[in-house]
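# Chains, contacts and geometry: an overview
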Amino acid sequence: MKILIVGNGARESAIAAKFKNDSRITKMYFAKGNATTYELGQNVFEESVSGLRDFAIKERIDLTIVGPEAPLVEGIVDEFKAHNLKIFGPRKRTAELEGSKAFSKKFMQTHNIKTARALVFDAYQEAIDYVRQQKFPLVIKASGLAGGKGVVIADSLTEAESTIHKFMIERIYGDAGIQIVVEEYLRGFEASIIAFSNGEKLFPCIPVKDYKKAGSGDKGPNTGGMGAVAPSPEFTAEHMVDFENNILAPTLAGLHSQNIKFKGFIFFGLMVTANGTYLLEYNMRLGDPETQVILPLMENHLYDVIMDCLEGREVNLQFKDEKAVCLVLCSGGYPRNFETGFEIKNLEKVKHSQVLFAGARRSGDKILTSGGRVLSVVATGKSMEEARKKVYEDALSIKYDYQYYRDDIGKF
Ligand code: AMP
Ligand code: GLY
């Protein structure tokens, strides 16, 4: 079986690591991959949807899995299906649940999915007039994809007005700011739940806590994720029931009523408040760094689950009764300015953890930093403390210039 994995982060490295022990998989290709995937298969420097399609036809790829959102929103699944290529993910129209916050908010409101109160605007002056009558904080979101930067929590009217101006008039995120969503601020803690869809039903994985802020103690700017733990100890069985009744079930009913029968992943970004669990967003893909902690605990073969979904069969997900911790090692300065090109040393001293590269590339026999989030260190244990200890001990061994990581991942 030949598999093509689209993406180049630690999430894609985690997928590759999961497939590594499956003897049915004879070759893995990565577009465009990184230092981990270089060792587990073949990196392919093809990024356009048409280029990937031609590659999959030429190499007779049996199954394609897409990591990031952009190719899904661009329509990679439609294109592959039109050429009878097997691919796991939503079509362009369904990927709009992630690609357009206006579309997803409307979907949530239409189908009574528990979410923050919000209004969608496509006229600048109307948005300004509205926020002038509101209390703060207030959340302002560019509707389209903005690389995770299109959400601002405005603490004052001045900040709200200037954000709306930047999104809608200056268009700092281009067309992503043509429409905006203005939403009530919810106070609580966040959790991520990823489910597999077989076209008829959704099969949720264990809840994950993703650490989004750059600094320990949740200080500093938002990032693409500084670490994760699974299962999230904050998200109780009671929260799960609330999620299933008020978010998961009505989402499925909504998909059915709109005749959307996609086969792929659906990611629920949740905020748990004193009034229960709310849906902040859908992503139509696996999360990063959530994937790094879900897959090591999943007992099923990933390939079996994906094929069961693609063929419309029931899925019986099984997770180990253990904890997983993922710590992201960064280039100092990330998510703002940082330098790369430094050699990553002492990898052979890592004893207890899996090292999954992201912003790291091969150069001869060396591995050099090449991005903001350099690698994920992942370990499992009987307790969170055991997994956390392994990860931090191994992180301490790994050396490169300007290394930075949070010291509180998995600390409760
Ligand atoms: P989103 O892309 O919509 O999930 O927003 C990105 C991040 O902004 C979330 O992970 C939250 O940390 C924060 N956020 C989004 N919406 C809200 C809200 N209504 N209340 C509080 N924080 C929010
Ligand atoms: N960890 C959140 C995401 O993948 O978007």
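## Examining the site of ligand 2
- All residues in the neighbourhood of ligand 2 are listed as Asp210, Phe267, Asn283, Arg285, Gly287, Asp288, Pro289 and Glu290.
- For ligand 2, an oxygen atom lies 2.8 Å from a polar atom in the side chain of Arg285.
- With the chains in place, 84% of the 200 Å² that ligand 2 exposes on its own is no longer accessible.
- Partitioned by chemical class, the residues of the shell around ligand 2 number two nonpolar, two polar and four charged.

## Examining helix H10 (residues 237-257)
- Taking 1.5 Å per residue, 21 residues should reach 30 Å; H10 reaches 28 Å between its end C-alpha atoms and fits that length.
- Its maximal kink placed at Glu244, H10 deviates by approximately 40°.
- Inspection of H10 places His239, Met240, Asp242, Phe243, Ile247, Leu248, Pro250, Thr251, Gly254 and Leu255 among the buried residues, and these make up the whole buried set.
- Lining the buried residues of H10 we find helix H6 (92-99), helix H7 (101-110), strand S10 (189-198), strand S11 (202-204), strand S14 (263-273) and strand S15 (276-283).
- Trailing H10 by a residue or two, Asn259 shows a phi angle of about 60°, which is positive.

## A short note on the site of ligand 1
- For ligand 1, the set of nearby residues contains 15 residues, the closest of which are Lys141, Glu183, Glu184, Leu186 and Glu190.
- One nitrogen or oxygen atom from the side chain of Glu183 is found 2.8 Å from a nitrogen atom belonging to ligand 1.
- Here Glu190 contributes a side-chain N or O atom positioned 2.6 Å from an oxygen atom of ligand 1.
- Contact with the protein chains removes 90% of the 470 Å² of surface that ligand 1 exposes when unbound.
- At the level of elements, strand S7 (138-142), strand S8 (151-154), strand S9 (180-184) and S15 are the ones that each hand at least two residues to the shell around ligand 1.

## Thoughts on unusual backbone geometry
- Each neighbour pair has its own omega, and for Ala31 with Lys32 the value is 0°, a cis peptide bond.
- Looking at the element boundaries, Lys32 is found in strand S2 (residues 27-32).
- With an omega dihedral of 0°, the bond running from Phe136 to Pro137 counts as a cis peptide bond.
- Looking at the element boundaries, Pro137 is found in the loop between helix H8 (124-131) and S7.
- Its identity as a non-glycine residue notwithstanding, Asn84 has a phi of 55°, on the positive side.
- Along the chain, Asn84 falls in the loop between helix H5 (76-82) and strand S5 (87-88).
- The exposed category is assigned to Asn84, whose relative accessible area is 74%.
- Positive phi, normally seen in glycine, also occurs at Tyr402, with a value near 60°.
- One can find Tyr402 in the loop between helix H13 (384-397) and strand S21 (403-404).

## A closer look at the sheet that holds S5
- In space, the five strands of this open sheet follow the order S3-S2-S1-S4-S5, with parallel pairing throughout. Of all the strands in the sheet, just strand S3 (42-43) and S5 have a single pairing partner and so form its edges.

## Observations regarding helix H9 (residues 157-169)
- Counted at 1.5 Å a residue, the expected span for H9 with its 13 residues is 18 Å, and the 17 Å between its end C-alpha atoms agrees.
- Within H9 the residues assigned to the buried category are Ala160, Thr163, Ile164, Phe167 and Met168. The arc that holds the buried residues of H9, viewed along the axis, is 110°, so those residues lie on one side.
- Residues of H9 that are buried sit in contact with strand S6 (118-121), H8, S7, S8 and S9.
- One or two residues past the end of H9 sits Arg171, with phi positive at roughly 55°.

## Describing the packing of H6 against H7
- Between H6 and H7, the least distance of the axes is 6 Å, while the angle of their chain directions is 90°. As judged from the angle between their axes, H6 and H7 are roughly perpendicular. Across the interface between the two elements, Arg93, Glu96, Leu97 and Gly99 of H6 pack against Lys101, Phe103, Ser104 and Phe107 of H7.
- Considering only residue class, the contact of H6 with H7 consists of three nonpolar, two polar and three charged.

Criteria and thresholds
- Residues numbered from 1 in each chain as written.
- Chains lettered and ligands numbered in written order.
- Predicted model: local features only at pLDDT ≥ 70, side-chain atom pairs only at ≥ 80, totals over all residues.
- Heavy atoms only, no water.
- Near = heavy atom within 4 Å.
- Polar contact = N/O pair within 3.5 Å; in protein donor to acceptor, adjacent residues only side chain to side chain.
- Areas by Shrake-Rupley, 256 points an atom, 1.4 Å probe, with all protein chains shown as cover.
- Nonpolar A, V, L, I, M, F, W, Y, C, P; charged D, E, K, R; others polar.
- Helix = DSSP H or I, 4+ residues; strand = E, 2+ residues; numbered from the N terminus.
- Expected span 1.5 Å × (residues − 1).
- Bend = angle between axes of the 7 residues up to and from the residue.
- Buried < 20%, exposed > 50% of the residue type's maximum accessible area, 1.4 Å probe, protein only.
- Contact = heavy atoms within 4.5 Å.
- Pairing = 2+ DSSP bridges.
- Arc of directions from axis to C-beta.
- Axes fitted to C-alpha atoms, helices over the stretch in contact; angles between N-to-C directions.
- Parallel < 35°, antiparallel > 145°, perpendicular 65-115°, else oblique.

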